[in-house]
Amino acid sequence: MNIRNLFGDKTFYRTLLAVTLPLVVQQLITTSVQLVDNIMVGTLGESAIGSVAVVNQFYFVVILVTFGVLSGAGIYSAQYFGSGDHDKLKETFRFKLLAATFVGALSFVVFTLFAQPLIALFTDSEETLQGGLDYIRIIRFAIFPWVLAVAISNTFRETGVTKPLLWISVVAILTNTGLNFVLIFGLFGFPAMGIIGAAIATLIARIVEFALSVVLLVRRGHIFSTRLSRLFSISPAMLKGIMLMALPLTLNEGLWSLGQTVFLQSYSTRGENALAAMTMTNAISQIVFVTFGALATGVAVMVGNTLGRNALDEARENARKLMATSVMFAAAMGLVLFVLSFFVVDLYDVADATKRMAGFNIRVNAMFIPVYTFNVVLYFTLRSGGDMRSTLMMDSGYMWAVAVPTAFALAHLTAL
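Fair warning: this is a prediction, and the values are worked out from it, not measured in the lab. (Residues numbered from 1 in each chain as written. Predicted model: local features only at pLDDT ≥ 70, side-chain atom pairs only at ≥ 80, totals over all residues. Heavy atoms only, no water.)

1. Comments concerning the overall build of the protein chain
Then, number 1: Each helix and strand in the protein chain was counted, giving 13 helices and zero strands.
Then, number 2: The helix and strand sequence of the protein chain, counted from the amino end, reads α-α-α-α-α-α-α-α-α-α-α-α-α.
Then, number 3: Its C-alpha atoms give the protein chain a radius of gyration of 21 Å, within 12% of the compact-globule value 22 Å for 416 residues.
Then, number 4: Oriented by its inertia axes, the alpha-carbon framework of the protein chain measures out at about 55 × 55 × 40 Å. (Helix = DSSP H or I, 4+ residues; strand = E, 2+ residues; numbered from the N terminus. Rg over C-alpha atoms; globule rule 2.2 N^0.38 Å.)

Have a look at this one:
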């Protein structure tokens, strides 16, 4: 292969930046604020970090399952938008709203009925357990506005609209951060509520995000928005096609997120310090991982939309160029994360042993960023073309065949 085929022209990079830059900025702001939130909770000690981390891991499973369910329809959304078939585009959006509501309701029931035994899998500390129960009691109500906002925002991204979503995220995260300061520490006459304050702040921010998403839908979503009276108007052929696409995606995302949960549970067997260190690692590493969501959108638009126009050669060329560009950028970002690992952990008010564990894990992440990035682009490229079997095998299939058993065995059968 000629190496020149791996690089695009000015038009390619201009399009790539137009599609991905707003999302990168949006997620970078979001991640930075989440890091600040994490540090604020960290001032309450390792136990508080562990409580929030365990609940957020459950929330992470819900997030990934939601993305899996919605992505099945999203593949069709990108292709129908590319082909100009707006009637079918509306059907895919109706499916997303119904699916998001179902996932939200199911998650709410699980969080309500099984919170205590789930959290107890990760800790023997009564303080951490009680903190987690206090947090999940409030945060469970944030599921509904969040899943519906994602259904709306994902469809906008798949149709090439990204800039307004940036401003919605900015407002939501500023709301979250401001309320965190006020409610966690008790400013402006409010009582200091600690973990409960963090949960209330997140709930309010999710409601604000959903409200703004609805406003955007009314104003700019006419090509895919739908009346509530037609919410169930989805043709059997469309429903079957989306379900066939969504089921393996949902299975993959569900298994992958559960695998990540097993990893966290394995670390939790080494005590509160290890659980806190992994939480710090994930929060700090997300500064670089923000590019993954942007890459997914870039692939959906520059490969998915191109496939919708049946321009197969152009789709292949775009996929190769996206892979090369992404890996080179990831190498640079990995270097930044590696350097950050030596001093960013000092922002936390935790024990030195916790900081050492977190710093080491962050450096491991930094070295593998280019590999992760290549896998992400490959995964979403295959998915945009409808190859669900390969994505399932390379993602959650590998995780449960190799990584999860290894982590579980090391945690429970050794003293390492």
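Read on for the rest.
2. Looking at the environment of Gly132
Then, number 1: Inspection of the secondary structure assignment puts Gly132 in helix α5 (residues 126–139).
Then, number 2: Taking relative accessible area as the criterion, Gly132 reaches 0% and is therefore assigned buried.
Then, number 3: The spatial distance from the C-alpha of Gly132 to the C-alpha of Gln116 is 8.4 Å, given a sequence separation of 16 residues.
Then, number 4: Residues contacting Gly132, with those up to four places away along its chain left out, are Ser51, Val55 and Ile119. (Buried < 20%, exposed > 50% of the residue type's maximum accessible area, 1.4 Å probe, protein only. Contact = heavy atoms within 4.5 Å.)

3. Concerning the nonpolar core
Then, number 1: Residues Tyr59 and Tyr135 are the most contacted members of the largest nonpolar core, which totals 77 residues.
Then, number 2: Ranked by residue count, the leading element in this core is helix α2 (residues 46–83), at 15 residues.
Then, number 3: Contacts of Tyr59, omitting those with residues within four sequence positions, involve Phe111, Ile139, Ala142, Ile143, Trp146 and Arg206.
Then, number 4: Counting residues in each nonpolar core, the second largest holds 20 residues, with Ile49, Met280, Ile284 and Phe289 among its members. (Core = buried A, V, L, I, M, F, W, Y, C linked by side-chain atoms within 4.5 Å.)

4. Let's talk about the environment of Val161
Then, number 1: By the secondary structure assignment, Val161 is in the loop between α6 (143–158) and α7 (163–185).
Then, number 2: Distance in space between the C-alpha atoms of Val161 and Ile138 is 32 Å, their sequence separation being 23 residues.
Then, number 3: Residue contacts for Val161: discarding those within four places in its chain leaves Phe156 and Arg220.

5. Digging into the packing of α7 against helix α8 (residues 195–220)
Then, number 1: The geometry of α7 relative to α8 is characterised by a closest axis approach of 8 Å and an angle of 160 degrees between their N-to-C directions. The orientation of α7 relative to α8 falls into the category roughly antiparallel. The handedness of the crossing between α7 and α8 comes out as right-handed.
Then, number 2: Partitioned by chemical class, the residues of the contact of α7 with α8 number 16 nonpolar, six polar and two charged. (Axes fitted to C-alpha atoms, helices over the stretch in contact; angles between N-to-C directions. Parallel < 35°, antiparallel > 145°, perpendicular 65-115°, else oblique. Left-handed = near helix turned anticlockwise from the far one by under 90°. Nonpolar A, V, L, I, M, F, W, Y, C, P; charged D, E, K, R; others polar.)

6. Section: the packing of helix α12 (residues 352–384) against helix α13 (residues 388–413)
A packed helix pair is summarised by two numbers, namely the angle formed by the two axes and the spacing between the axes.
Then, number 1: Two elements in contact, α12 and α13, have axes whose closest approach is 8 Å; the angle formed by their N-to-C orientations is 155 degrees. It follows that α12 is roughly antiparallel to α13 by the angle criterion. The crossing of α12 and α13 is left-handed. Where α12 approaches α13, its residues Asn375, Leu378, Tyr379, Leu382 and Arg383 are matched on the opposing element by Met388, Ser390, Thr391, Met394 and Asp395.
Then, number 2: For the contact of α12 with α13, the residue count by class is five nonpolar, three polar and two charged.

7. A few points about the packing of aromatic side chains
Then, number 1: Overall, the coordinates contain ten aromatic pairs when judged by the stated rule.
Then, number 2: Seen in terms of ring centroids, Phe368 and Tyr372 are 6.2 Å apart; in terms of plane orientation they differ by 25 degrees. Their pairing is stacked. Of this pair, Phe368 and Tyr372 both sit in helix α12, four residues apart, which is roughly one turn of that helix.
Then, number 3: The class for Tyr372 is partly exposed, based on a relative accessible area of 29%.
Then, number 4: Taken together, the ring pairs connect Tyr59, Phe67 and Trp146 into an aromatic cluster.
Then, number 5: Over the ring of Phe342 we find Arg363, and its NZ or CZ is 4.4 Å from the ring centre. (Phe/Tyr/Trp six-rings, centres within 6.5 Å; stacked < 30°, edge-to-face > 60°. Lys NZ or Arg CZ within 6 Å of the ring centre and 35° of its normal.)

8. Structural notes on unusual backbone geometry
Then, number 1: Backbone geometry places Phe188, a non-glycine residue, at a positive phi of 55 degrees.
Then, number 2: The exposure class of Phe188 is exposed, given its relative accessible area of 73%.

9. Regarding the pattern of salt bridges
Where charged atoms of side chains with opposite charge meet at close range, the side chains can pair.
Then, number 1: Counted according to the given criterion, the structure contains three salt bridges.
Then, number 2: Between Arg137 and Asp134 there is a salt bridge; the shortest N-O distance is 4.0 Å. In this pair, Arg137 and Asp134 both sit in helix α5, three residues apart, roughly one turn of the helix.
Then, number 3: Between Glu209 and Arg206 there is a salt bridge, with its nearest N and O atoms 3.2 Å apart. Of this pair, Glu209 and Arg206 both sit in helix α8, separated by three residues, roughly a single helical turn. (Salt bridge = Lys/Arg side-chain N within 4 Å of Asp/Glu carboxyl O.)

10. Describing a nonpolar patch on the surface
Then, number 1: Taken together, the side chains of Phe181, Phe185, Leu187, Phe188 and Phe190 make up a nonpolar region of the molecular surface, amounting to roughly 520 Å² of accessible area.
Then, number 2: By the element assignment, Phe185 lies in helix α7. (Patch = residues over 30% accessible without salt bridge, like charges linked within 9 Å, V, L, I, M, F, W, Y side chains within 5 Å. Areas by Shrake-Rupley, 256 points an atom, 1.4 Å probe, with all protein chains shown as cover.)

11. What to know about the confidence of the model for the protein chain
Detailed reading of the predicted model is not advised wherever pLDDT is low.
Then, number 1: Model confidence for the protein chain is summarised by a mean pLDDT of 82, while 90% of its residues fall at 70 or above.
Then, number 2: At the level of individual helices and strands, the protein chain shows its lowest average pLDDT in helix α1 (residues 10–42), which scores 68, and its highest in α8, which scores 91. (pLDDT = per-residue confidence, 0-100.)

12. Side note on the side chain of Lys355
Then, number 1: Mapped onto the fold, Lys355 is located in helix α12.
Then, number 2: According to the relative accessible area criterion, Lys355 is buried, its value standing at 17%.
Then, number 3: Residues within four places of Lys355 in sequence aside, it is in contact with Val345, Asp346, Tyr348 and Val350.

13. Re the side chain of Asn365
Then, number 1: Here Asn365 shows up in helix α12.
Then, number 2: You can call Asn365 buried: its relative accessible area is 14%.
Then, number 3: For Asn365, the residues in contact, after removing those within four places along its chain, are Thr281, Ser285, Phe289, Leu337 and Tyr372.

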